[in-house]
Amino acid sequence: MLSVLLPERVADFKAYYQLPRPPKELDVSSYTISDYLKGTRVTSGGGARMVVGPKSAQTPMQQQCEIVNAAMSRFESSLFDIRGIVQADLFDNELDAADELNKKGFSRGAGAIAGVVLEGHLATICKNHSLSIAKKKPSPRTSPTIGMS
């Protein structure tokens, strides 16, 4: 998944787990998740002072989590883009059909189709902006609307 959504970050992601070459000296900047899983620790002063240890793996793990979160965001964004393209294509086809009906003298049918397309587009915009629309029931004195008999 990562190689498809964020190919430029794959090498970074892998390096947080294990460096391509073993470092000359193990310190906080070269400690990886692999070192953590192996239980690797570096001490000084006869073991009295911890130079690097399990806590040193927190930053690489956080960085990997951020890369995964970025990939998830990219995935959701891609789905949103695909949904928008498909919906726009569908709306274009419907409007082409309405235009054809109008040219042949079926203006009410063309208007009905165009109205449905407009309503669908406005509903999408409201959803994208987290707006809710309450549907009003027509009063008995008004004529029925589309879909109501």
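Residues numbered from 1 in each chain as written. Predicted model: local features only at pLDDT ≥ 70, side-chain atom pairs only at ≥ 80, totals over all residues. Heavy atoms only, no water.

A.B. asks: Honestly, the overall build of the chain in this entry has me stumped. Any pointers?
C.D. replies: The secondary structure content of the chain amounts to five helices and two strands. Overall, the chain shows an N-to-C arrangement of helices and strands of α-α-α-β-β-α-α. In terms of C-alpha radius of gyration, the chain reaches 29 Å, well past the compact-globule figure of 15 Å for 149 residues. Overall size of the chain, expressed as C-alpha extent along the three principal axes, is 95 × 35 × 15 Å. (Helix = DSSP H or I, 4+ residues; strand = E, 2+ residues; numbered from the N terminus. Rg over C-alpha atoms; globule rule 2.2 N^0.38 Å.)

A.B. asks: Sorry if this is basic, but what is going on with the environment of T124 here?
C.D. replies: Structurally, the position occupied by T124 is in helix α5 (residues 107–128). We classify T124 as partly exposed; its relative accessible area is 22%. In this structure, the C-alpha to C-alpha distance between T124 and K38, residues 86 residues apart in sequence, is 51 Å. (Buried < 20%, exposed > 50% of the residue type's maximum accessible area, 1.4 Å probe, protein only.)

A.B. asks: Is there a simple way to explain the pattern of salt bridges in this structure?
C.D. replies: Side chains that differ in charge, positive against negative, can pair when their charged atoms come close. Evaluation of the coordinates by the stated rule reveals four salt bridges. In this structure, R74 and E8 form a salt bridge, with 3.9 Å as the shortest nitrogen-oxygen distance. With a gap of 66 residues between them, R74 in helix α4 (residues 58–103) and E8 in the loop between α1 (2–5) and α2 (10–17) connect regions that are remote in the sequence. When the shortest N-O distance is used, the salt bridge between E100 and K104 registers 3.8 Å. (Salt bridge = Lys/Arg side-chain N within 4 Å of Asp/Glu carboxyl O.)

A.B. asks: Help me out: how do you make sense of the environment of A88 in this one?
C.D. replies: Note that A88 resides in helix α4. Look at A88 and you get partly exposed, because its relative accessible area is 39%. Counting along the chain gives ten residues from A88 to S78, while the straight-line C-alpha distance between them is 15 Å.

A.B. asks: Can you walk me through the side chain of Q64 in this structure?
C.D. replies: Inspection of the secondary structure assignment puts Q64 in helix α4. Apart from the residues lying within four places of it in its own chain, the contact partners of Q64 are F13, Y16, Y17 and I33. (Contact = heavy atoms within 4.5 Å.)

A.B. asks: Mind showing me how you'd approach the side chain of S34 here?
C.D. replies: Summarising the element assignment, S34 is placed in helix α3 (residues 33–38). Once residues within four sequence positions are removed from consideration, S34 is found in contact with Y17 and Q18.

A.B. asks: For this particular structure, what's the right way to read the packing of α2 against α4?
C.D. replies: Helix-helix packing is described using two parameters, namely the angle between the two axes and the distance between the axes. Where α2 contacts α4, the two axes come as close as 9 Å, and the packing angle between them is 155°. Of the possible angle classes, the one that applies to α2 and α4 is roughly antiparallel. Here α2 and α4 pass one another in a crossing that is left-handed. Here D12, F13, Y16 and Y17 of α2 lie close against α4, whose contacting residues are P60, Q63, Q64, I67 and V68. Residues of the contact of α2 with α4, tallied by class, amount to six nonpolar, two polar and one charged. (Axes fitted to C-alpha atoms, helices over the stretch in contact; angles between N-to-C directions. Parallel < 35°, antiparallel > 145°, perpendicular 65-115°, else oblique. Left-handed = near helix turned anticlockwise from the far one by under 90°. Nonpolar A, V, L, I, M, F, W, Y, C, P; charged D, E, K, R; others polar.)

A.B. asks: Teacher, can you tell me more about the packing of α4 against α5 here?
C.D. replies: Remark: α4 packs on α5, axes separated minimally by 7 Å, with the N-to-C direction vectors making an angle of 165°. As summarised for this structure, α4 and α5 are arranged roughly antiparallel, according to the angle between their axes. α5 is crossed by α4, and the crossing has left-handed handedness. Residues F80, Q87, F91, E94, L95, A98, L101 and N102 of α4 form the contact with α5, whose own contacting residues are S107, G109, A110, I113, A114, V117, G120, H121, T124 and N128. Per-class residue counts for the contact of α4 with α5 are nine nonpolar, eight polar and one charged.

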